[in-house]
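Below are the chains, spelled out letter by letter.
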Amino acid sequence: SRPSMRPTGPTGPSMWATSTPAWAWTRPPLPTATPSPWCTPLAKSGRLALTIREVALFGVLGGLTFAAKVAMAGLPNIEPVSLMVMLFAVIFGAKAVFPLYVYVLMEFLIYGFNLWSINYLYIWAILAAVAWLFRKMTHPLGWALLSGAFGLLFGFLCAPVYLFVGGWGAMVSWWISGIPWDVAHCAGNFVIALVLFVPLRRLMSALYRQMGGTPRS
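Residues numbered from 1 in each chain as written. Predicted model: local features only at pLDDT ≥ 70, side-chain atom pairs only at ≥ 80, totals over all residues. Heavy atoms only, no water.

## What about helix α8 (residues 179-210)?
Part 1 of the argument: Look at α8: 43 Å from first C-alpha to last across 32 residues, which is about the 46 Å you get at 1.5 Å a residue.
Part 2 of the argument: Considering bend angle alone, the principal kink of α8 is centred on L196 and spans about 45°; proline P199 follows within four residues of it.
Part 3 of the argument: Every buried residue of α8 is listed here: D182, H185, G188, N189, I192, A193, F197, V198, R201, M204, S205 and Y208.
Part 4 of the argument: Of the surrounding elements, those touching the buried residues of α8 are α1 (52-71), α2 (81-92), α5 (140-152), α6 (154-158) and α7 (160-177).
Part 5 of the argument: Taken from the residues just after α8, G212 is the one with a positive phi, measuring 95°. (Helix = DSSP H or I, 4+ residues; strand = E, 2+ residues; numbered from the N terminus. Expected span 1.5 Å × (residues − 1). Bend = angle between axes of the 7 residues up to and from the residue. Buried < 20%, exposed > 50% of the residue type's maximum accessible area, 1.4 Å probe, protein only. Contact = heavy atoms within 4.5 Å.)

## Brief notes about the environment of F66
Part 1 of the argument: By the secondary structure assignment, F66 is in helix α1.
Part 2 of the argument: Overall, the relative accessible area of 9% leaves F66 in the buried class.
Part 3 of the argument: Put simply, F66 and Y103 are 37 residues apart on the chain and 5.7 Å apart in space, counted from C-alpha to C-alpha.

And the structure:
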């Protein structure tokens, strides 16, 4: 006689002959999110390691600083650079050198290289270093006093270059002749920092944080 055939389809034993019970099914793992290439560091480590976003940000900030100074060139010794340098220092820490020297480079490219160019290689770094030391300060009056003092001492800090060119007499006479301009520089820096430093610090810190950065203060 013909042997009986046991069904092996959906209603046969193969439907139930499984090593994993239906109730033991687990959801497959979700795919791992791929980090944005804009947040990828261009160097593996170090305090000065930059991401692609930071390279773009610092280039833009250096360019905006230069453009703001050009826009205010008609005002006697009134400039936004001191304000921006202090902001760079307290927000970006050691990375402040990048937007700072983007600005300096643009000065050299547009106006050429002269004695004042030597001053620009160090004088803004002095302000950045002092601002970093006071990075925990929150009152706008403190930042206004710091910025004003820098404006008042600007000629004094630039004068050593003229010592090597014309001696002590040339250095002292150049500094004294520029004191009225330093007074105007002091007043302009004081007012600009008093009004703008604190709100710009909050704004730039928030924007930097949204870009994946960590403000240093």
